[in-house]
Amino acid sequence: MIRYSVQFAALAGLLLTASAAQAATGFTDRNAFIAATSPQAGIDFNGTVPFGSSYRQQDLTVGNMTLNAAGGFIGFNVIAPGGQCADLDFDKWAIDGSPYACSYVDAQVSLNIDFNAPVTSWGADFRRLGDDGQRVELAFLDDDSNVIADFIAEGNDVGAFSFIGLDFQGQETSQLVFSYLFSNASQAYDIFGMDNVLFSTARGAGTPNPVPVPPAMLLFASAGTAFAALRRCKTKS
């Protein structure tokens, strides 16, 4: 079972509150998330790095996301099959048989995902996230590092598949942090697979950023308008 951090709403979604002024709707059904948010883009890990490559202690940029493990010497993130997830047993974390992001979190090691363009909705398929007595928090932060929504995954059956998606109701999130909150008596870490990411951005896919006009250009344009008006006045007189 996956538990949201605040309170249950309708079956398709849940209202999550990080403060009195902020809210998000959470989904554990992929189709319901797609129907509600119409995500503009998707990311998988097929062909993004050489087969079986590891990005332990390094950044990895895939589409709109830059992933890194923060803290700890042994923290790792790998693209499987291959690397340490495959050494343990690839099938335990595979989502659909294709390459995926396999990540490790514990009390000292978190997984950070920076969004290169802020997103207003985000969701992904997971396997073994918060299973076997583990408890992991997904915290979504804005540009000022304020938490706008969070989701706590816990109590999943061993090896379970799950979908987690959030609609931030027009708010923008710039970073997602996976933090380890709790372990069972025999395991002090959580390893999970992530794949098939969906998201939306505020401006819409393919919409360019507005080009800022330098203040000097604005001043030049104003001076030109004033000079033209002065000439018209002189011509009339």
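Counting from 1, residues in each chain are numbered in the order their sequence is written. Under the rules for a predicted model, residues below a pLDDT of 70 receive no local features and side-chain atom pairs below 80 are neither given nor counted, while totals for whole chains, interfaces and linings still include all residues. As a rule here, side-chain values cover all heavy atoms of the structure and leave hydrogens and water aside.

A. Quick look at the nonpolar core. One finds Trp 122, Phe 126, Phe 178 and Met 194 to be the most contacted residues of the largest nonpolar core, which totals 34 residues. For helices the rule is a DSSP run of H or I covering at least 4 residues; for strands it is a run of E covering at least 2, with both sets numbered from the N terminus onward. Residue contributions to this core peak at 7 residues, all from strand S9 (residues 110–127). What makes two residues a contact is simply this: any of their non-hydrogen atoms within 4.5 Å. Residues within four places of Phe 178 in sequence aside, it is in contact with Val 105, Ser 110, Leu 111, Ile 113, Phe 126, Val 136, Glu 137, Leu 138, Phe 192 and Met 194. By nonpolar core is meant a set of buried Ala, Val, Leu, Ile, Met, Phe, Trp, Tyr and Cys residues that side-chain atoms within 4.5 Å join together. Accessibility here uses a 1.4 Å probe with only protein chains present; expressed as a share of the type maximum, an area under 20% marks a residue as buried, one over 50% as exposed, and anything in between as partly exposed. Core analysis: the next-biggest nonpolar cluster, separate from the first, contains 9 residues, Ala 94, Ile 95, Tyr 104 and Val 109 among them.

B. Highlighting the packing of aromatic side chains. Two aromatic rings, drawn from Phe, Tyr or Trp (for Trp, its six-membered ring), form a pair once their centres lie within 6.5 Å of each other, and the interplanar angle then sorts them: stacked below 30 degrees, edge-to-face above 60, tilted otherwise. This structure, assessed with the given rule, holds 10 aromatic pairs. Between Phe 126 and Phe 192, the aromatic rings sit 6.1 Å apart at their centres with planes inclined by 55°, giving tilted as the arrangement. Pair noted here: Phe 126 is in strand S9 and Phe 192 is in strand S14 (residues 189–201), with a separation of 66 residues, a long-range link. Within the aromatic cluster, the residues linked to one another by ring pairs are Phe 115, Trp 122, Phe 126, Phe 140, Phe 168, Phe 178 and Phe 192.

C. Here's a closer look at the pattern of salt bridges. Think of a salt bridge as a Lys or Arg side-chain nitrogen and an Asp or Glu carboxyl oxygen that are within 4 Å of each other. The final tally for this structure, using the stated rule, is 3 salt bridges. One salt bridge connects Asp 125 with Arg 30, and the closest N-O pair in it is separated by 3.2 Å. Of the two residues, Asp 125 is situated in strand S9 and Arg 30 in helix H1 (residues 30–37); the sequence distance between them amounts to 95 residues. The exposure class assigned to Asp 125 is buried, which follows from its relative accessible area of 15%. Judged by relative accessible area, which is 23%, Arg 30 ranks as partly exposed. Between Arg 128 and Asp 131 there is a salt bridge, with the nearest N and O atoms lying 3.4 Å from each other. Like Asp 131, Arg 128 is buried.

D. Looking closely at the side chain of Ser 121. Positionally, Ser 121 belongs in strand S9. Once you skip the residues sitting within four places of it in the chain, Ser 121 turns out to touch Phe 33, Thr 37, Leu 166, Asp 167, Phe 168, Leu 198, Phe 199 and Ser 200.

E. Spatial organisation of the environment of Leu 111. For Leu 111, the position within the fold is in strand S9. For Leu 111 and Ala 69, which are 42 residues apart along the polypeptide, the C-alpha to C-alpha distance reads 4.6 Å.

F. Fine view of the environment of Phe 115. Assignment of secondary structure puts Phe 115 in strand S9. For Phe 115, a relative accessible area of 6% gives the class buried. Sequence separation of Phe 115 and Asn 64 is 51 residues, and the distance between their C-alpha atoms is 5.6 Å. When sequence neighbours within four positions are dropped, the list of residues in contact with Phe 115 reads Asn 64, Met 65, Trp 122, Thr 173, Ser 174, Gln 175 and Leu 176.

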